[in-house]
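Spelled out, the chains give:
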Amino acid sequence: MKLDLATIATLAERLENCELQAQDTTKITDDYPDMDWDDAYAIQDEVRRRKVARGARIVGLKAGLTSHAKMKQMGVSTPVFGFMADYYAVPDGGECRMSELIHPKVEPEIAFVTKAELRGPGCHIGAVLAATDFVMPGIEVIDSRYRDFKFDLKSVVADNTSAVRFVVGGQPMGVSGVDLRTVGIVLEKNGLPVAFGAGAAVLGHPAAAIAMLANHLGARGECIPAGTLILSGGITEAVSVQAGDNVTLRVQGMGSTSLRFV
Ligand code: OOG
Ligand code: MG
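The text that follows walks through the structure, step by step, so that each part is easy to find. (Residues numbered from 1 in each chain as written. Chains lettered and ligands numbered in written order. Predicted model: local features only at pLDDT ≥ 70, side-chain atom pairs only at ≥ 80, totals over all residues. Heavy atoms only, no water.)

Considering the overall build of the protein chain
So, point 1. Of the regular secondary structure elements, the protein chain holds seven helices and 12 strands.
So, point 2. A compact globule built from 262 residues would reach a C-alpha radius of gyration of about 18 Å, and the protein chain, at 17 Å, matches this within 12%.
So, point 3. Principal-axis analysis of the C-alpha atoms places the extent of the protein chain at approximately 50 × 45 × 35 Å.
So, point 4. Looking at the 262 residues of the protein chain, the share that counts as buried comes to 55%.
So, point 5. By sequence separation, contacts in the protein chain at least 24 residues apart represent 76% of the contacts at least 6 residues apart.
So, point 6. For the protein chain, the accessible surface area stands at approximately 10,600 Å², while carbon and sulfur atoms represent 52% of it. (Helix = DSSP H or I, 4+ residues; strand = E, 2+ residues; numbered from the N terminus. Rg over C-alpha atoms; globule rule 2.2 N^0.38 Å. Buried < 20%, exposed > 50% of the residue type's maximum accessible area, 1.4 Å probe, protein only. Contact = heavy atoms within 4.5 Å. Areas by Shrake-Rupley, 256 points an atom, 1.4 Å probe, with all protein chains shown as cover.)

What to know about the pairing of strand β2 (residues 80-85)
So, point 1. The buried count for β2 comes to six of six residues, which makes it a mostly enclosed element.
So, point 2. Judged by which residues are buried, β2 turns out to be covered on both faces: Val80, Gly82 and Met84 on one side and Phe81, Phe83 and Ala85 on the other are all buried.
So, point 3. Note that strand β1 (residues 58-64) and β2 share six bridges and pair antiparallel. Directly across from Ala63, in β2, lies its bridge partner Phe81. (Pairing = 2+ DSSP bridges.)

Digging into helix α1 (residues 5-21)
So, point 1. Compared with the 24 Å implied by 1.5 Å per residue over 17 residues, the 24 Å span of α1 between its first and last C-alpha is a close match.
So, point 2. All buried positions along α1 are accounted for by Thr7, Ile8, Leu11, Ala12, Leu15, Glu16, Cys18 and Glu19. The arc that holds the buried residues of α1, viewed along the axis, is 155°, so those residues lie on one side. Structural note: α1 exposes Ala6 and Thr10 on the side pointing more than 90 degrees away from its buried face.
So, point 3. Looking at the buried positions of α1, the neighbouring elements they touch are α2 (28-31), α3 (37-53), α6 (153-158) and β6 (163-168).
So, point 4. Ala22 sits one or two positions beyond α1 and adopts a positive phi of about 55°. (Expected span 1.5 Å × (residues − 1). Arc of directions from axis to C-beta.)

A few points about the site of ligand 1
So, point 1. Taken together, 17 residues lie near ligand 1, and Leu65, Lys70, Glu107, Ser162 and Gly234 sit nearest.
So, point 2. Measuring from an oxygen atom of ligand 1, one finds a side-chain N or O atom of Glu109 at 3.0 Å.
So, point 3. When the free accessible area of ligand 1 is taken as 320 Å², the share hidden by the protein chains comes to 100%.
So, point 4. Elements that contribute at least two residues to the shell around ligand 1 include exactly β1, α4 (68-74), β4 (105-114) and β5 (132-142).
So, point 5. By residue number, the principal contributor to the shell around ligand 1 is β1, which donates three residues.
So, point 6. A class-by-class count of the residues in the shell around ligand 1 yields seven nonpolar, five polar and five charged. (Near = heavy atom within 4 Å. Polar contact = N/O pair within 3.5 Å; in protein donor to acceptor, adjacent residues only side chain to side chain. Nonpolar A, V, L, I, M, F, W, Y, C, P; charged D, E, K, R; others polar.)

Structure follows, in structure tokens:
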């Protein structure tokens, strides 16, 4: 750790206020170029602590930057992990208010729900599949608090990996009924297909993203509890949205989920 606790608290407050007030800011690594990974996750943990202290519940976890399309779009090479608060959840078919967001984008993802604890180190896709209750379509809305969506990995980790809203829905499916590598997805904006892919775009198999998350948490003495919802990361590049846009994700064999921006 390179930052002291007071600096971590100040940076967490700055980033969380940007989220709550829908305002952007400069990258925190511009001010603290020597901050390390532990600092970045400590800032994210402090953002989480602030929300929980105000009564929010943590309703899920996420992996991000798990596909080459996303890594290339953002100019980075390592997955990152974050959390989802209760008020990030949008009901299936529901609304996202643009006035609460800065410059949102949507990502097509496979959501996992676990039925057993997952604990690293040494977690692998076999363990993840054994512990998965079901998978279903999920759209993540990301909204980097950084100006023009430009960041480096430590800045984006501190910013809870740009998390802001998500929707899950469609037809939940057990993992024995589907090959998550070849499962196809279509993301539609206003009825037009705007991105296509297959599960293997995420680290060869979306369950590998969940294993990486378990191993990341294991290194910190934490685990993924049974009953956790986890977004495994955008399969394609993220797509910008504006007020009036209707977004639907169709996943092969799992129906669809959608949301609207108003
Ligand atoms: C970081 C979050 C990326 C994903 O699914 O890849 C992410 C960002 O691109 O702003 O959630
Ligand atoms: Mg995502």
